[in-house]
Amino acid sequence: MAHFEIEDAFIAEHNAKAKTELAQDYDHLAVQLHRKNVDIENLTAKAQALRVAIPSWDVGTGGTRFARFPMPGEPRDVYEKLQDCATVFKLVRCTPAVSLHIPWDKPGDPSALRRFARERGLHFDAMNSNTFQDQPGQDLSYKFGSLTHPDAAVRRQAVEHNIDCIEIRKVLGSKALTVWIADGGNFPGQLHPRRALERYLESMHVIYQALPDNWRVFLEHKLYEPAFYSTVINDWGTSYYCARELGPKALCLVDLGHHAPNVNIEMIVARLIQFGKLAGFHFNDSKYGDDDLDAGSIKPFQLFLIFNELVDAELCGIPYFDPAYMLDQSHNVTDPIESLMMSAVELTRAYVQAHLVDRQALTDAQEKCDALQALAVLKDAFNTDVRPIIAMARDRSGGAIDPVRAYRASRYRQRKAAERPAEHQVSAGIV
Ligand code: RM4
Ligand code: MN
Ligand code: MN
């Protein structure tokens, strides 16, 4: 059966209806920004340049530990996942990279998968290893840990899995491995904190040695869950220590949901930038824990403040500053394609607004200890409605002016529901 795809001509036709209004809004904003000596065209170029990777597991419906409510037309294998990623890319134009999770997406033929991706304008970003679940046919269990397990044989198996990921990655053509481990304890006394960390470092050293020279390994910390009392790589300090111990190819990845509520994440970002160890992000939003809600849906100001640090570093020309951006969300009640598009738009919004910050005025306020004025400078940027810039950026790049509307009008989901009858229960893909 032929696979339905949204055609460029369909997007163009859809855009035609919205072009006049967009031009009016854009011109109006241009005049307002000009008054502040800001050239709107620079911002539109920035919006066009931002890149965000989509994780393959995000295009399926997510679930909680209670239930999962699958959506019709869900992708059933890695090729169908790539089709959905390509659809997101086609409509928003800033998501050309896909991040795979192994073994969830282990390709039978990695070169064929790479070709399939390339035909759709996609490439592969950091690869995620998985030692937080047991896989069918696996010799030893990760129930009590993986890279830090007391049994050296389990640790070895987990190390080998990570090295396998590097090998697949070589064929798929990307240069980073992300390691998140679930190792930790549910009870006080269950594990020896120092010994567990020593074992982590010992295991990671072996993985590090297997990395080709121009590769990087991203260490992802997480406060808690699935372990509810203690976690081995629990915070950015531990992650930073390990990255330093391992060497220059090791960097720290910040997943926004992996912190205690109210933690000042932008400070963590600033520190990692200063120490030359920021790998990049898993963007999402949260209210209580690792909720994996859509980026910018709960705390849009926080997202802006994070981008404020990133743009500050970008403008200062900090050496080796090249963070990788990815979404890492669980879409339990929405169409994942719609959520991913909206989230990518939210990141662009925060990025453009951060570029709007009057850096000189901010520095002046800081140096004069004028706290109120410093906040006012940030708020002035944050309160600017930059939607016409982002819509214009999409239109100029061939994407949709209103991606969700165009997507719904295309009936993509309904067509996929017919093309992809659910054959078996698709796994949640999110722990
Ligand atoms: C974890 C973590 C990892 C992701 C898994 C699915 O909480 O965020 O990045 O690979 O979930
Ligand atoms: Mn993550
Ligand atoms: Mn997570």
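The structure displayed is predicted, hence computed values, not measured ones. (Residues numbered from 1 in each chain as written. Chains lettered and ligands numbered in written order. Predicted model: local features only at pLDDT ≥ 70, side-chain atom pairs only at ≥ 80, totals over all residues. Heavy atoms only, no water.)

J.: I keep staring at the coordination of the manganese ion (ligand 3) and nothing clicks. Help me out?
T.: When a metal carries six donors in an octahedron, the ideal angles between them are 90 or 180 degrees, while four donors in a tetrahedron ideally lie at 109.5 degrees. Protein-derived ligands of the manganese ion (ligand 3) are His-258 (NE2) and Asp-290 (OD), with the metal-ligand distances lying across 2.2 Å. The distance between the manganese ion (ligand 3) and the manganese ion (ligand 2) comes to 4.0 Å. With a gap of 32 residues between them, His-258 in the loop between β9 (250-255) and α8 (265-274) and Asp-290 in the loop between β10 (278-283) and α9 (300-316) connect regions that are remote in the sequence. Neither residue differs from the other here; His-258 and Asp-290 are each classed as buried. (Donors = N, O, S within 2.8 Å, 3.2 Å for Na, K, Ca; no water. Helix = DSSP H or I, 4+ residues; strand = E, 2+ residues; numbered from the N terminus. Buried < 20%, exposed > 50% of the residue type's maximum accessible area, 1.4 Å probe, protein only.)

J.: Just checking my understanding: could you explain the site of ligand 1 for this structure?
T.: If you check the shell around ligand 1, you find Trp-57, His-101, Trp-104, Trp-180, Glu-220, Lys-222, Asp-255, His-258, His-282, Asp-290 and Asp-328 and nothing else. For ligand 1, an oxygen atom lies 2.7 Å from a polar atom in the side chain of Glu-220. Between ligand 1 and Asp-290, the relevant distance is 3.2 Å, taken from an oxygen atom to a side-chain nitrogen or oxygen of the residue. (Near = heavy atom within 4 Å. Polar contact = N/O pair within 3.5 Å; in protein donor to acceptor, adjacent residues only side chain to side chain.)

J.: What is the right way to read the coordination of the manganese ion (ligand 2) from this model?
T.: Surrounding the manganese ion (ligand 2) are the protein donor atoms Glu-220 (OE), Asp-255 (OD), His-282 (ND1) and Asp-328 (OD), at 2.1 to 2.2 Å. For the manganese ion (ligand 2), the six donor atoms are set out with angles of 71 to 170 degrees between them, so the coordination reads as octahedral. For the manganese ion (ligand 2), the donor residues sit on a single chain with the sequence spacing E-x34-D-x26-H-x45-D. A relative accessible area of 5% places Glu-220 in the buried class. (Tetrahedral: all angles 85-135°; square planar, octahedral: opposite > 155°, others 65-115°.)

J.: What am I meant to see in the pairing of β10 here?
T.: Remark: a regular strand shows side chains that alternate across the two faces of the sheet. Taking burial as the measure, the six residues of β10 include six buried ones, the bulk of the element. In the classification by handedness, the crossover that spans β9, the intervening α8 and the parallel β10 is right-handed. As judged from the four bridges shared by β10 and strand β11 (residues 324-327), these two strands associate in the parallel manner. Each residue of the ladder has a partner; that of His-282, found in β11, is Met-326. With α9 bridging β10 and the parallel β11, this β-α-β connection has right-handed handedness. (Right-handed = clockwise from strand over helix to strand, strands pointing away. Pairing = 2+ DSSP bridges.)

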